[in-house]
Amino acid sequence: QVELTESGGGSAQAGGSLTLSCAATRSPSRYTNFCVGWFRRAPGKEREGVAALDSNGPVNYADSLKGRFTISQDKSKNIFYLQMNSLKPEDTAMYYCAARSNGGCGLGRIPPYNYWGQGTQVTVSS
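Cut-offs used in this document
- Residues numbered from 1 in each chain as written.
- Predicted model: local features only at pLDDT ≥ 70, side-chain atom pairs only at ≥ 80, totals over all residues.
- Heavy atoms only, no water.
- Core = buried A, V, L, I, M, F, W, Y, C linked by side-chain atoms within 4.5 Å.
- Buried < 20%, exposed > 50% of the residue type's maximum accessible area, 1.4 Å probe, protein only.
- Helix = DSSP H or I, 4+ residues; strand = E, 2+ residues; numbered from the N terminus.
- Contact = heavy atoms within 4.5 Å.
- Disulfide = S-S within 2.5 Å.
- Pairing = 2+ DSSP bridges.
- Axes fitted to C-alpha atoms, helices over the stretch in contact; angles between N-to-C directions.

Enquirer: Now, about the nonpolar core: what can you tell me, with residues and values included?
Expert: Core analysis: the biggest nonpolar cluster contains 28 residues, and Trp-38, Val-50, Phe-69, Leu-82, Met-84 and Tyr-95 have the highest contact counts within it. Within the residue set of this core, elements represented by two or more residues are β3 (18-24), β4 (34-41), β5 (48-54), β7 (69-74), β8 (79-84), β9 (93-101) and β11 (120-125). When residues no more than four places from it in sequence are discounted, the contact partners of Phe-69 are Arg-40, Val-50, Tyr-61, Leu-82, Gln-83, Met-84, Asn-85, Leu-87, Asp-91 and Tyr-95. Grouped together as the second largest cluster of nonpolar side chains are six residues, Phe-39, Ala-52, Cys-105 and Tyr-113 included.

Enquirer: Lay out the state of the cysteines with the relevant residues and their values.
Expert: By the definition in use, this model includes two disulfides. Paired by a disulfide, Cys-22 and Cys-97 hold their sulfur atoms 2.0 Å apart. Between Cys-22 and Cys-97, the S-S torsion sits near -75°, and that sign places the bridge as left-handed. Taken together, the positions of Cys-22 in strand β3 and Cys-97 in strand β9 put the pair 75 residues apart, joining distant regions of the chain. Here the two residues Cys-22 and Cys-97 agree in accessibility, since each one is buried.

Enquirer: Account for the pairing of β9, naming residues and giving values.
Expert: Alignment of β4 against β9, held across eight bridges, turns out to be antiparallel. Paired with Val-36 across the bridge in β9 is Ala-99. As judged from the three bridges shared by β9 and β11, these two strands associate in the antiparallel manner. Pairing of Met-94 across the sheet is with Gln-121, part of β11. Relative to strand β10 (residues 115-116), β9 runs antiparallel, the two sharing two bridges. Paired with Ala-98 across the two strands is Trp-116, which belongs to β10.

Enquirer: Give me the lowdown on the side chain of Asn-78, citing residues and values where you can.
Expert: Mapped onto the fold, Asn-78 is located in the loop between β7 and β8. Using a relative accessible area of 19% as the deciding quantity, one classes Asn-78 as buried. The contacts of Asn-78, once residues within four sequence positions are left out, are Cys-22, Ala-23, Ala-24, Arg-26 and Ser-27.

Enquirer: Explain the sheet that holds β7 to me, and be specific about the residues and the numbers.
Expert: Within the open sheet, the four strands sit side by side as β1-β3-β8-β7. Their pairing is antiparallel. Each end of this open sheet is capped by a strand with a single partner; those strands are β1 (4-7) and β7. This sheet shows a mean twist of 20° between the axes of neighbouring strands, independent of strand direction. Examined bridge by bridge, β1 and β3 share four bridges and lie antiparallel to one another. Paired with Glu-6 across the two strands is Cys-22, which belongs to β3.

Written as structure tokens, this is what we have:
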């Protein structure tokens, strides 16, 4: 069982930066082929994948976000980060951290990620 807690959300102006944190009660590395991903859901829109990493590092980024967002991890603290730069109003969404094992590190809905945090709100104004 892995419990995830996101933090770091808030308000930012377009062009600004925010860093989201995802604290895990246990290291996902204890599980085989673990993946940790960041997802987001804007009001009225479906959830979309943002970025994901495995034990070796970042694996996937949404094409539209690549270059602006960076996923990373602090293995010693079991914390996963999403650094968001050059924020745009369309980045406004609830951001979620998720983890799974043996499911690959894709950003699609299938296979589903097993563990989810409660999310942290990011609001970007122009």
